[in-house]
Every structure is written in C-alpha cells, then in structure tokens.
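So the chains spell out like this:
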Amino acid sequence: MNARSREARAVDVLVVGAGPAGLAAAARLAALGIGRVEVLEREPEGGGVPQHCAHPGFGADARGRALDGPGYARRAVRAAGRAGAVLRTGVSVVGWAGPLALETASPSGPETVVARAVVLATGARERSRPARLLPGTRPEGVLTAGELHRTVALLGPRPERIGRRAVVVGGGATAGHAVRLLRRAGVTVAAVVTGEGYATAPGVPVLTGAAVTELTGRGRLAGVTVRDRHGRARPLRCDTLVLTGDWTPEHELARAGGLPLAPGTRAPLVDASLRTGVPGVFAAGGLLRGGTPAVRAAAEGRRAAEAVWTHLNGGA
C-alpha cells in the first residue's frame, strides 16, 4: 500500500482496547504527562464488557453508591478524557507496520499510527459452541454469557428474545450473573452444569462435576444431555443454553506482532512489569487472564501505565 492510501501519524503511547484496563492505563498515562495518549476501540463506544453488564459489582461512585456495569464504563471513559487521553471508537487495528507501528481501518480510511510505546488491552472472549466441540445438532438458542448480556442490553429482558427455559454451563461469578439475568428476564433456569465442585446459583439446581455432552433439536434447541463424573447421562429439557467462562484471549494482534505467547493460556508472556517480549509493547487486563474483574483489570492497567512511564524515561 502506498503512502497516499495509508498515511502515518505519530503519538506517544497507543492503547489498543477501551475496556477497564485500557482506559485506566490511558487515564494514568495522560495524568503523568507522558504526551499524546490515544486509545483505539473497534466498538462504537468505549467501556468494554461492563457496558452490557447491568448488575452491581463494579465498585462505587464518589457518594458510595454501587455502580453497575454501564455506570462503571461511563465513568472510566470520562476519567480517561478528563485526564487528556484521546479515545477513538470505530477503529479496528488490522496489523503491524513495524515494532511500534500499527495499521488501522476506520470509516475515515486506512492509517498507520506510530508510537513510542504500545499497550495491548484487547481483552478476552468466552469460547463459542464450535470452539467447545459440543456434539449434536446445531440449533438456535446457544449463547455465550457475553451474547446474553448484549442481547438483553439491546432488546431488553424479554423471554421471547431469549427463550423460556435455560441451562447455564459454568461456575463462578459469570455463571451467577447469567442466572440472575435470565431470571430477571422471566426465563426459567432448569439447572447450572459445572465441572467444578460447586457453583453459586441460589434457588437453581446445580449439577457439579458434570458436563453437557450433546445438544438436541432442529431449528431451535430442544434439550441437552448432561453426563456426570461417573459417566451417567441424563437429558434436560431447555430451549436456551448459556455458555459461561472458558475464556480465550483476544490475542490475534499479539500473535501477528510476534509476541511470545504462554503455552497454556495463549496470552502474551509478560514480566512483573507487564512488559511483553517485544521492547516497548506492554499488555494488561483480560488479555492476560480472561474473566478478570473490571476493578482488578483497571488496577493492572494503571500498573502497566507506570511501567510505560518508566520505560519512556529511560528506566530499567
């Protein structure tokens, strides 16, 4: 591509991803006076996953009132902007043009952005049904927890948009939030199925040490088969299956840049200062550990910002 079709522009620090870690890193870097700090986000709005999580658990505001996900996301976006960081939404990073240069695409056209340092905060996603290799038919009604939250955020808590009877797969906080969201939407939760020894889901049958091994139904999901640790199988009738947890990092950009990846998680390898194997490139948040709570991811973003400041000021 020639210079006219892809113009180059310089910034001091480029942050990829406007979730909790990316926005916190940008706010801290701008407050430190590092120069021009720019955040690139492919979605129409910044804030990341919390935008779609209409439940408390995201800290509190200045008056001590509990924040839900959208409130937390709005506060994080405002904090970055007030500190002096620039948030550009609707911008996709499509590759690398050099060790610290990224190629982007947006409605305004292609562009190359060159930085003195790059912070990758691209987050993680839950594995979809194909990635989990669930056998059986391929009916409608199989969602990840993220898709469930986005559906409710866009269309409202309406059973006709989600289903009437659901099974939730997974354990931990994500599964608990999915159960509460389904019940608030008027959906009956038939069971929570988890391979772990426990799951928190008050008022819902919990099948521990178990796994969904087959889906049934044509057109729409009609049920699932659950197998326990002893090999015993039982059918569960449902028209919705929500898959939670089992995170995979959004590491495509890291991999394309030649960053060393951890063998198990396939997340970028980082040291205690969140430096990757490429000088000047840092990583933080859900990209390193899927399912990281927003408040903890933001704290890690601020820690990455301190490491970037040290790097740009000649520190070891």
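The structure displayed is predicted, hence computed values, not measured ones. (Residues numbered from 1 in each chain as written. Predicted model: local features only at pLDDT ≥ 70, side-chain atom pairs only at ≥ 80, totals over all residues. Heavy atoms only, no water.)

A. Structural context of the pattern of salt bridges. Summed over all chains, the structure comprises 16 salt bridges. Note that Glu111 is salt-bridged to Arg88, the shortest N-O span being 3.2 Å. You can see Glu111 sitting in strand 9 (residues 111-114) and its partner Arg88 sitting in strand 6 (residues 86-89), a full 23 residues away along the chain. This pair shows no difference in class: Glu111 is buried, exactly as Arg88 is. Arg125 serves as the salt-bridge partner of Glu250, at 2.7 Å between the closest nitrogen and oxygen. Remark: Arg125 occurs in strand 11 (residues 124-126) and Glu250 occurs in the loop between strand 20 (247-249) and helix 7 (252-256); sequence separation between them is 125 residues. For Glu250, a relative accessible area of 15% corresponds to the buried category. (Salt bridge = Lys/Arg side-chain N within 4 Å of Asp/Glu carboxyl O. Helix = DSSP H or I, 4+ residues; strand = E, 2+ residues; numbered from the N terminus. Buried < 20%, exposed > 50% of the residue type's maximum accessible area, 1.4 Å probe, protein only.)

B. Spotlight on unusual backbone geometry. Phi is positive for Leu133, close to 60°, though the residue is something other than glycine. Residue Leu274 is not a glycine yet carries a positive backbone phi of 65°. In this structure, Leu274 sits in the loop between helix 7 and strand 21 (281-283). For Leu274, a relative accessible area of 3% puts it in the buried group.

C. Highlighting the pairing of strand 10 (residues 117-120). Judged by which residues are buried, strand 10 turns out to be covered on both faces: Ala117 and Val119 on one side and Val118 and Leu120 on the other are all buried. Relative to strand 21, strand 10 runs parallel, the two sharing 3 bridges. From the neighbouring strand, Val118 faces strand 21, where its bridge partner is Val281. (Pairing = 2+ DSSP bridges.)

D. Fine view of the packing of helix 1 (residues 20-31) against helix 2 (residues 69-83). Look at helix 1 against helix 2: their axes get within 8 Å of each other, and the N-to-C directions meet at 25°. Taken together, helix 1 and helix 2 sit at an angle that is classed as roughly parallel. Relative to helix 2, helix 1 is oriented so that their crossing is left-handed. Residues Pro20, Leu23, Ala27, Ala30 and Ala31 of helix 1 form the contact with helix 2, whose own contacting residues are Tyr72, Ala76, Val77, Ala79, Ala80 and Ala83. Class assignment for the residues of the contact of helix 1 with helix 2 results in 11 nonpolar, no polar and no charged. (Axes fitted to C-alpha atoms, helices over the stretch in contact; angles between N-to-C directions. Parallel < 35°, antiparallel > 145°, perpendicular 65-115°, else oblique. Left-handed = near helix turned anticlockwise from the far one by under 90°. Contact = heavy atoms within 4.5 Å. Nonpolar A, V, L, I, M, F, W, Y, C, P; charged D, E, K, R; others polar.)

E. Local environment of the confidence of the model for the protein chain. For the protein chain, per-residue confidence averages 91 on the pLDDT scale, and residues scoring 70 or more make up 97% of the total. Note on residues 1-5: pLDDT is under 50 here. Beyond four places in sequence and across chains, it has 3 contacts. (pLDDT = per-residue confidence, 0-100.)

F. Main features of helix 6 (residues 172-184). The end-to-end C-alpha separation of helix 6 is 19 Å, in line with the 18 Å expected for 13 residues at 1.5 Å each. What helix 6 keeps buried is the set Ala175, Gly176, Ala178, Val179, Leu181 and Leu182. Once helix 6 finishes, Gly186 follows within two positions and takes phi at roughly 85°, a positive value. (Expected span 1.5 Å × (residues − 1).)

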